[in-house]
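The residues making up each chain are set out below.
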Amino acid sequence: MHATLNHEDPAIVTRAAIALLNTAHAWSAEEYTRAVDAAGAVNDLATVDQLVEHAERFGKLNPHMLFLAAHESRNHAQHAMAAARFSLAASLDPATPELPYEAGMSWVSANNALAAIACFQEALRISPELGAAAFNVATLSNNLRQFEQALKALDACVLSDDLQWMGLFERGRALAGIGRFAEACDAFASCETLNPAAPGLISNLSKALHSAKRPDDALAYALRWQTAEPNVAEAAVGRLPILLQNVAWDALNADLPALHRAMQSPPGQGIESLALMWKFDDPAALLRIAEARFAALQPLQIKQLPALATARDKKIKVGVLSADLSEHPVGRTTAALWENLDRDRIELVAYSWTPEQSSAIKRRLDRAFDRVVNIHDLLDVEAAQRIHDDGVDVLIDAMGMTTNERHAILLARPALVNVGFWGYPGTTGGVCDYLIADRILIPGSSAEKHYSEAVVRMPHTYASTASYPDAIPTMSRAEAGLPDGALVLASFNHIGKLTPECFEAWLHILKGSAGAVLWLPDTTTAAKQRLATFASARGVNSERLLWYPGGLPEARYLARIACADIALDCFPYGGHSTSCDILHMGVPLIARTGESFASRASSSILTAAGLGDLACRDWERYQALALRLANEPAILRETRRRAQAARTSALFDQRRYAASLSDALVRIGERARQRLRPEAFSV
């Protein structure tokens, strides 16, 4: 070793190294390592970089020197450089798991989760017992919504005691992400046993309990969550569906200031807007929230795939991206639509991660497509590549911001253009290029400003309707648990859509309708008691509130709807497929028209059915119309006759609807092939 490079003073060593770099001195691996170590000690990153470059030029790179140089890059926040140097060291020393592990940690700091996961997986290949690497793969995979990958990492490694509670937490996240909510609850509960103060535990457990259909437990944890985070906008949005489903309106009122803040200034990390639609009718705020969420999704972005150079087929190739092509409202209401799309102009492929299911509707849906590609076991990057390789022109997002969505696929731009359709009542804030709507949902250019997508207006309604059974057996009032002779006012919407303002309006109608009862979906004992107390405080005997259970087969569910005299729609989140079901069974539906997509859906459906006069602009008109129908039998009979005639209306003509959607998709696809910007149009 050159004598000066062996000096004890790192400053002297660094100066000597600089002096020797451009001489004929033949460096040894030990000298490079000593010089890099010394330059790092005096915080001289420039010399470190020169030494690495010099070593590479003369073929003298060595793992130890690169390890030291990588740490110096990391100390100076040059995380991508640090990761590259750790990885290069790993290539020279492939038996040391710490090198790819440290590369992964640097990629985490550089906000490149995909690269980090690859490095941690390499560390696990070398050393399968490296629990920290497995935990990091699980955490990052969960953040990227790659839940199966997270579970695989956790299952393949036994975590040390200090990582146990964190591993259980990530396991709960992963299980919840793939819809195994009961198991997720167990994982979170085990985590709570080990560390009751684990960050994020209460919020995640309350949401998992909610999804596992354990409403009382979910509410208990949601209230603990509210105590822990009493004035946090994102937290208030997260527990909103739990409070609404449990009719916990007092707790909801405590969250209102934070909810209003979320509407006006969405948190930077993004929030889901679906629950907010149940409470607020503000399309401008919903756009802000969707845009904030879209920005927050950027870390999920797979590298965008290159656009196809030329069209490979005369037909427009349309892909449908959905987890709901099964016994689900989306599947039930689109089977006839997919069957009737114009196959002379369109090739139709489903990209599905629908859970395995044996049902008539699932088999019918599978037959409705030219091909069904199961992407359940594919990572988002793999699914996007498959769609791209298939040459898809138009990719329909039939999920929106709902459970199990995979927007990372759409963000990779695997098709020429993305289209939002039917599965979600609102804007995606940038994920989709077009949105299928109609002139009632989005009435004009002034309303379009609240949508990031170019609006495509269908001729009658945006709504796709079910293929109903040819024969629906009748159900008697007694079978339905209803008293004979009573006027039945009913809501067939999810109980979580019920707001205090909406219930106030229904109670006003009930008070003005002698002998009437209000028929509601069954809920928890505690929630029913809260509604009864609310009604009693407003002078309505709680015995006039009746409850029907869920879980009926389709024909029985439809038959029960026909037992109602008048259906009352919720506001601001009205019915969608449910509104269609009500009208198909000949029951008049009274709706309130708002400003947002979700609050105008029933108005669109009613108008297409020839019953647009049943959509009211405010609560006063809504209440007055309901009272008129309730108290004037002749008018109610005529309105019911009109509702029964709706079966022959444009609303239920799926062949006509499919022809219009075919025209829209072909036009969208042809514009995309010509690389034309998305533009609004009417079919």
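Note that the structure is predicted; figures quoted are calculated from it, not measured. (Residues numbered from 1 in each chain as written. Predicted model: local features only at pLDDT ≥ 70, side-chain atom pairs only at ≥ 80, totals over all residues. Heavy atoms only, no water.)

### A short note on helix α4 (residues 63-75)
Compared with an ideal rise of 1.5 Å per residue, which puts 13 residues at 18 Å, α4 spans 18 Å between its outermost C-alpha atoms and is within 8% of the ideal. All buried positions along α4 are accounted for by Met65, Leu66, Leu68, Ala69, Ala70, Glu72 and Ser73. Residues of α4 that are buried in the fold lie against α2 (29-41), α3 (45-57) and α5 (79-92). Between the side-chain oxygen at the start of α4 and the backbone nitrogen of His64 there is a gap of 3.2 Å, and the oxygen is on Asn62. Where α4 terminates, the next one or two residues include Ala77, which has phi positive at roughly 65°. (Helix = DSSP H or I, 4+ residues; strand = E, 2+ residues; numbered from the N terminus. Expected span 1.5 Å × (residues − 1). Buried < 20%, exposed > 50% of the residue type's maximum accessible area, 1.4 Å probe, protein only. Contact = heavy atoms within 4.5 Å. Polar contact = N/O pair within 3.5 Å; in protein donor to acceptor, adjacent residues only side chain to side chain.)

### What to know about the pattern of salt bridges
For the structure shown, the criterion picks out 36 salt bridges. The shortest N-O distance in the salt bridge between Arg673 and Asp393 comes to 2.8 Å. In this pair, Arg673 is assigned in helix α31 (residues 654-673) and Asp393 in the loop between α20 (380-389) and β4 (394-397), connecting sequence segments 280 residues apart. Asp393 gets classed as buried once you look at its relative accessible area, which sits at 3%. (Salt bridge = Lys/Arg side-chain N within 4 Å of Asp/Glu carboxyl O.)

### Observations regarding the layout of surface pockets
In this structure, the second largest pocket occupies an estimated 300 Å³ of space. Forming the boundary of the second largest pocket are 18 residues, of which Arg413, Ala415, Leu416, Val417 and Arg675 lie nearest the centre. Looking at the lining of the second largest pocket residue by residue, the class counts come to 13 nonpolar, two polar and three charged. (1 Å grid on protein atoms, 1.4 Å probe; cavity = no way out; pocket = protein on both sides within 12 Å on 5 of 7 lines; lining within 4 Å. Points joined across faces, edges and corners; volume = space filled by probe spheres on them. Nonpolar A, V, L, I, M, F, W, Y, C, P; charged D, E, K, R; others polar.)

### A few points about the packing of aromatic side chains
What the rule picks out here adds up to 19 aromatic pairs. Taking the centre distance of 5.6 Å and the plane angle of 40° together, the rings of Phe503 and Phe534 count as tilted. With Phe503 in helix α24 (residues 500-511) and Phe534 in helix α25 (residues 525-536), this pair connects stretches of sequence that are 31 residues apart. On the accessibility criterion, Phe534 (14% relative accessible area) is buried. Pairing Trp519 with Tyr548 gives two aromatic rings, centres 5.2 Å apart and planes at 70°, and the pair type is edge-to-face. Taken together, the residues Trp519 in strand β9 (residues 516-521) and Tyr548 in strand β10 (residues 545-548) connect sequence positions 29 residues apart. The pair formed by Trp519 and Tyr548 is uniform in burial state, with each residue classed as buried. Each residue in the set Trp249, Phe503 and Phe534 is aromatic and connected to the rest through ring pairs, giving one cluster. (Phe/Tyr/Trp six-rings, centres within 6.5 Å; stacked < 30°, edge-to-face > 60°.)

### Here's the deal with the sheet that holds strand β2 (residues 346-352)
With parallel pairing, eight strands are arranged side by side in an open sheet as β3-β2-β1-β4-β5-β6-β7-β14. For this open sheet the edge positions go to β3 (371-374) and β14 (681-682), each flanked by a neighbour on one side alone. With four bridges joining them, strand β1 (residues 316-322) and β4 adopt parallel strand pairing. Across the sheet, Leu321 pairs through a bridge with Asp397, a residue of β4. (Pairing = 2+ DSSP bridges.)

### Concerning the environment of Asp522
Inspection of the secondary structure assignment puts Asp522 in the loop between β9 and α25. Separated by 29 residues in the primary sequence, Asp522 and Asn493 have C-alpha atoms spaced 11 Å apart. Dropping the residues within four chain positions of it, Asp522 is found in contact with Lys528, Trp547, Tyr548 and Pro549.

### Remarks on the state of the cysteines
Counted according to the given criterion, the structure contains zero disulfides. No disulfide involves Cys157; its sulfur sits 17 Å from that of Cys119, the nearest cysteine. Given a relative accessible area of 8%, Cys157 falls into the buried group. (Disulfide = S-S within 2.5 Å.)

### A few points about the sheet that holds strand β8 (residues 487-490)
Strand pairing in a sheet relies on backbone hydrogen bonds, with the paired strands running either antiparallel or parallel. Read from one edge to the other, the open sheet built from six strands follows the order β10-β9-β8-β11-β12-β13, with strand pairing classed as parallel. In this open sheet, the two edge strands, each paired with only one partner strand, are β10 and β13 (615-616). In this sheet, β13 lies alongside strand β12 (residues 589-592) in parallel orientation, the contact comprising two bridges. Each bridged residue has a counterpart across the sheet, and for Ala591 the counterpart in β13 is Ala615.

### Notes on empty space enclosed by the protein
Tallied over the entire structure, the rule returns three cavities of 30 Å³ or more. The calculated volume of the largest cavity comes to roughly 90 Å³. Considering the residues around the largest cavity, the lining is formed by 15 residues, among which Met277, Leu286, Gly426, Thr427 and Tyr451 are closest to the centre. Residue assignment for the lining of the largest cavity shows that the elements contributing at least two residues are α17 (283-296) and α28 (597-608). For the lining of the largest cavity, the element with the most residues is α17, which contributes three residues. In the lining of the largest cavity, the residues fall into 10 nonpolar, five polar and no charged. Each pocket or cavity is described by its volume, and for the second largest cavity that value is around 60 Å³. For the second largest cavity, the full set of lining residues is Met458, Pro459, His460, Thr461, Ala650, Asp653, Arg656, Tyr657 and Ser660. Looking at the lining of the second largest cavity element by element, the count peaks at three residues for α31. In terms of residue class, the lining of the second largest cavity is made up of four nonpolar, three polar and two charged.

### Notes on the pairing of β8
Every second residue of β8 is oriented toward a common face, with Leu487 and Leu489 on one face and Val488 and Ala490 on the other, all of them buried. After leaving β8, the chain enters α24 and then returns to the sheet as β9, a path that is right-handed. Two elements, β8 and strand β11 (residues 566-568), share two bridges in a ladder whose sense is parallel. Bridged to Leu489 within β11 is Ile566. (Right-handed = clockwise from strand over helix to strand, strands pointing away.)

### So, the packing of α4 against α5
The relative placement of two packed helices comes down to the angle between their axes together with the axis-to-axis distance. Between α4 and α5, whose axes approach to 8 Å, the crossing angle comes to 165°. The orientation of α4 with respect to α5, classified from their angle, is roughly antiparallel. For the element pair α4 and α5, the recorded crossing hand is left-handed. Residues Pro63, Leu66, Phe67, Ala69, Ala70, His71, Ser73 and Arg74 of α4 form the contact with α5, whose participating residues are His79, Met81, Ala82, Arg85, Phe86, Leu88, Ala89 and Leu92. (Axes fitted to C-alpha atoms, helices over the stretch in contact; angles between N-to-C directions. Parallel < 35°, antiparallel > 145°, perpendicular 65-115°, else oblique. Left-handed = near helix turned anticlockwise from the far one by under 90°.)

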